[in-house]
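What the coordinates show
Below, each chain spelled out in residue letters.
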Amino acid sequence: MIKTIKNNETILFFIFIILCIFLSIYNPQFYSIQNINSILRSSSTVMIVAFGMTILLTSGEVDLSVGALMSFVTVIVMDVINITGSVVLGFIAVFLFCLFIGLINGFVRTILNVNSLIATLAMMLILQGSVYVYSMAAIYNTHLIPFFTFIGQGFVFKIPMPVIIMLFILPFFVLFLNFTRFGRYFTAIGSNSDAASLSGINNKKFKIIGFVTTSLLVGISGIILASLMDTGQQGSAKGFELIVIAAVLLGGTSFKGGSGTIVGTILGILILKVIDNGIILMGISQEFQLVVPGVILIIAVYFDNLRKAQDV
Amino acid sequence: MFSNSFQFLHIKEISKEFPGVKALDNVSMKIKAGKVHALMGENGAGKSTLIKILAGAYSKDKGKIFFDDNEISINSPNDSLKLGIKVVYQEISLIPEFTVGENIFLEKFPTNRFGILKWKKLYKECKDLFNKIGFNLKVNEKISNLSISEQQIVEIARAIFQKASIVVMDEPTSSLTPNEIKKLFNVINNLKKNNIAILYITHKIDEIFQIADEVTVLRDGKLISNRPINQTSEEILVNDMVGRAVESSFERTLIANKENVLTVKNLTTKTKLKNVSFDLSKGEILGFFGLMGAGRTELAKAIYGYDKVSNGFIEIEGKRFSAFNTSTMVKNGIGYVTEDRKGEGIVKDMNLRENMTLPSLEFFENLFFVNRIKEKNISNEYIKKFDVKTPSCERLITLLSGGNQQKVLLSRWLLRELKIIILDEPTRGVDIGAKTEVLSLINDLAKEGMSVLLMTSEMNDLLSLSDRIMVMANGEIKAEFLSNNVTQEEIFKASVS
């Protein structure tokens, strides 16, 4: 039984298909273009960040500050574009800020040697507090630049822009983790950091790269979110980190590091989002949108343990 | 408190086997009440296994244990404690934030009928106990404020309080100063007066003659000798421990070419190494011998950039490094094979191929991607060359035997152009057949011009492979020998000095 679970992605794929069939029968509205687009659009922001989280978790680290950073990004991007009237300057501000946060996370982890769970939890608190130092009130779109709105709300060939952005980033990470030298290093570091270091790999460097990459991806997702909401809101992505981590773990990436899969992550997110959508379509109380991912997370980690146990 | 009525603990024909190793083979000894019985032997002689059987951590395969004439069975650490056998390990197992008194009375706090602690009684009984074993210590001092030797004495006091009739001490003096050793011996003498039996494990020959009444020597799991102290000598003991003469299986020719590859100068680390200096020539095998805790692994890791160097430097072909990491060292032609294959060697989530190519992955890169076909070809080449037993190079590394894993870890470094390879216990846990192959591989590497730092506890391998031998103790180099005119006895003596 456990042996067959090895091929995690196939199982996830079937779960996903079964869920889709079930919901389509229950409510034909499920497979309407609008509904599918809405699922895909809201999945995209999660996926973009989850790509970074997957390589981080593969290397045995985690970043809890992504949600708080994302909220902060929506505020910064909206504010800077409002002031300067330039989308490019808004983006530059966001990416510089994310680079800075990613570097701090990386340094605290590697130089100060603080466990990443604690280091990024602290960063989350710092960001949640300091975003109000930056601005007490939500920042509304006063620049009205059409391109900015297009990023989150627009379509190309009837496909939502966020999906296109996600699809553009996706192949880099699939190739990175599976086929490149550095991808292999991330796996080795997560599986046995001593062995990796004794093989001449600079663990600290790659861990910092992991944190910075994740932060920069949060920048992209944050910009999309700001465009979707047309506002910069201090609490707009609260709890986002938990959905990302839950999805990555559900996808089969190990919390202990050493194995990660981008395809699994994508399936994990799709499953969570379809369930989310199903809860609404079936008219179940919305509070269950939090309960279900919680339950699924426990199940996912339990399966992770089963898989690890048979390796011994 | 000292309710000791037995005469001796009799260990009779005990055997214990681990996969591939006979750790104990028919070992018998009698530990008498009121005597100090020393147990000696090299690393891997079987001392630890014997202690662990007495402590209930391992179960014996064969043999019997008696208290006087009554057979006893030890199936768990709890059984062992109940029978009055207490092992004081090198690692202290006290609670650092508790006081001396609290630690000693941990299992049995004196309380009144409401369950309230009776502190006065606790500390008074504690003082009495220390008086009996002849040691003065503030009973309300926190353990974390005590020195290692004081902590050890607290452990012993705790054993006595728990009515131990046999105290086993595992290398008790390994981290003590001469003055502290004197105090410990004083306590031991007091225990003897109270009719307690002491099993005293040590490498240090000079201590034996100060404290022991009888000496048992083990070698390769076998009982070699059991003698009263007045019928033995330093020479006899060294002979018993080291045993047979060396069979040289390799023809090593001392290199005429004295081209210097590596210079290590005054290398010092915060934790262990003190001013280690030596030179290494091209194609030379430089052996390092030392007992547990001598600092060989620490030296290997410091040279390799894994442990931080606090003072000193190394030079590779004239290029000087004083602060460096493993990545720099690998790029400059040093490779390291760890003694801890499972913990630091293999990457368990990866297959054989990925494990083999890990340190040299950049050579398999095509523009952006790793060329797996090239990886497979080269892995298969080395699988064939070293006769690694595996169905394919895609097999998970954890499914290979220890010897085959070791061949993979050695192959790792042959994919790079190395100048120097550091091998830490390269034959540990490798079965005999594969062992010879690993040894001849090392010999071949040196012949081809690679320089080797060989850290090993296997005296035979050391003497047959090395050109020169450095003996380490306490983080320092104590002696240097040419391997063609030194005996095992001389090396061993230097390592315990």
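Calculation rules
- Counting from 1, residues in each chain are numbered in the order their sequence is written.
- Written order decides the labels, with chains lettered from A and ligands numbered from 1.
- Given that the model is predicted, a residue must reach a pLDDT of at least 70 before its local features are reported, and side-chain atom pairs must reach 80 or more before they are shown or counted; all residues, however, enter totals for whole chains, interfaces and linings.
- Helix and strand assignments come from DSSP, with helices taken as H or I runs of at least 4 residues and strands as E runs of at least 2, each series counted from the N terminus.
- This radius of gyration counts C-alpha atoms alone. The globule rule is 2.2 Å times how many residues there are, raised to the power 0.38.
- Using C-beta atoms placed from the backbone, we call a residue buried if 20 or more other C-beta atoms fall within 10 Å of its own, exposed if 12 or fewer do, and partly exposed for counts in between.
- Two residues form a contact once the distance between their C-beta atoms, set from the backbone, is within 7 Å.
- A pair of strands counts as paired when DSSP detects no fewer than two bridges linking them.
- Lines fitted to the C-alpha atoms define the axes, with helices restricted to the stretch that makes contact. Angles between their N-to-C directions range from 0 to 180 degrees.
- For this classification, Asp, Glu, Lys and Arg are treated as charged, while Ala, Val, Leu, Ile, Met, Phe, Trp, Tyr, Cys and Pro are nonpolar and the rest, including Gly, are polar.
- Residue ranges labeled as domains rest on an automatic or database domain assignment.
- The span expected for a helix works out to 1.5 Å for each residue beyond the first.
- A residue's bend is simply the angle between two axes: one fitted to the seven residues ending at it, one to the seven starting at it.
- Any nonpolar core is a set of buried residues, restricted to Ala, Val, Leu, Ile, Met, Phe, Trp, Tyr and Cys, that join up through C-beta atoms within 7 Å.

What follows covers the overall build of chain A. Of the regular secondary structure elements, chain A holds 14 helices and four strands. Taken over the C-alpha trace, chain A has a radius of gyration of 19 Å; the compact-globule value for 312 residues is 20 Å, and the two agree within 12%. Along the three orthogonal principal directions, the C-alpha set of chain A runs to about 60 × 55 × 35 Å. Burial statistics for chain A: of 312 residues in total, 48% are counted as buried. Partitioning the contacts of chain A with sequence separation of at least 6, the portion at a separation of at least 24 is 79%.

Inspection of the secondary structure puts Ser116 of chain A in helix H6 (residues 116-134). For Ser116 of chain A, the contacting residues outside a window of four places in its chain are Glu61, Val62, Asp63 and Arg109 of chain A.

Of all residues except glycine, most have a negative phi; of all peptide bonds, most are trans. All names here are of chain B. Its identity as a non-glycine residue notwithstanding, Glu13 has a phi of 50 degrees, on the positive side. According to the C-beta neighbour criterion, Glu13 is partly exposed, with 14 such atoms within 10 Å. Not every positive phi belongs to a glycine, and Leu367 is a case in point at roughly 60 degrees. Residue placement: Leu367 occurs in the loop between strand E17 (365-366) and strand E18 (369-370).

What follows deals with the sheet that holds strand E14 (residues 311-316) of chain B. Residue and element names in this part refer to chain B. The strand order E12-E11-E14-E15 describes an open sheet built from four strands, whose pairing is antiparallel. One side of each edge strand has no neighbouring strand; the edge strands of this open sheet are strand E12 (276-281) and strand E15 (319-321). Across the sheet, the axes of successive neighbouring strands diverge by a mean angle of 15 degrees, strand direction being ignored. Judged from the five bridges that link them, strand E11 (residues 260-268) and E12 form a sheet pairing that is antiparallel. Within the sheet, the bridge partner assigned to Val264 lies in E12 and is Phe278.

Bringing the interface of chain A and chain B into the picture now. With 20 residues of chain A at the contact, the number on the chain B side is 25 residues. Within the residue set of the side of chain A that touches chain B, elements represented by two or more residues are helix H9 (181-191) and helix H10 (193-198) of chain A. Tallied by class, residues from the side of chain A that touches chain B come to six nonpolar, 10 polar and four charged.

Given 3.6 residues per turn, any residue in an α-helix points the same way as the ones three and four places further on. Residues and elements named next belong to chain A. Counting buried residues along helix H12 (residues 240-250), 10 of its 11 residues qualify, which places the element largely inside the surrounding structure. Within H12, the full set of buried residues consists of Phe240, Glu241, Ile243, Val244, Ile245, Ala246, Ala247, Val248, Leu249 and Leu250. A positive backbone phi angle near 110 degrees is found at Gly252, which sits one or two residues after H12.

With that settled, consider the domain arrangement of chain B. Segmentation of chain B into domains returns domain 1 (8-242) and domain 2 (260-496). Taken over C-alpha atoms, the centre of domain 1 of chain B sits 36 Å from the centre of domain 2 of chain B.

So, about the sheet that holds strand E20 (residues 451-455) of chain B. In any sheet, the strands associate via hydrogen bonds between backbone groups, in a parallel or an antiparallel arrangement. Residue and element names in this part refer to chain B. Taken together, six strands build an open sheet; the order of strands is E16-E19-E20-E13-E21-E22 and the sheet is mixed. The sheet is open, and its two borders are formed by strand E16 (334-337) and strand E22 (476-482), each paired with just one other strand. Between one strand and the next, the sheet's axes are offset by a mean angle of 20 degrees, whatever the strand orientation. In this structure, E16 lies alongside strand E19 (residues 420-424), joined through four bridges in parallel fashion. Residue pairing for E19: Val337 is matched across the bridge by Leu423.

Taking 1.5 Å of rise per residue, the 19 residues of helix H8 (residues 161-179) of chain A would be expected to cover 27 Å, and the 28 Å separating its terminal C-alpha atoms lies within 8% of that figure. Of all the bends in H8 of chain A, the largest measures some 25 degrees and sits at Ile169 of chain A, one to four residues before the proline Pro171 of chain A.

All names here are of chain B. Of all five residues that make up strand E3 (residues 36-40), five are buried, and the element is covered over most of its length. Alternating residues of E3 divide into Val36, Ala38 and Met40 and His37 and Leu39, and every residue in both groups is buried. As paired strands, E3 and strand E8 (residues 197-201) are joined by four bridges and run parallel to one another. By the bridge assignment, Ala38 is partnered in E8 with Tyr200.

With that settled, consider the nonpolar core. Val244 of chain A together with Val167, Val452 and Leu453 of chain B are the most contacted members of the largest nonpolar core, which totals 219 residues. By residue number, the principal contributor to this core is helix H4 (residues 66-84) of chain A, which donates 12 residues. When neighbours within four sequence positions are excluded, Leu453 of chain B is seen to be in contact with Leu280, Leu286, Phe288, Ala300, Ile420, Ile422 and Leu423 of chain B.

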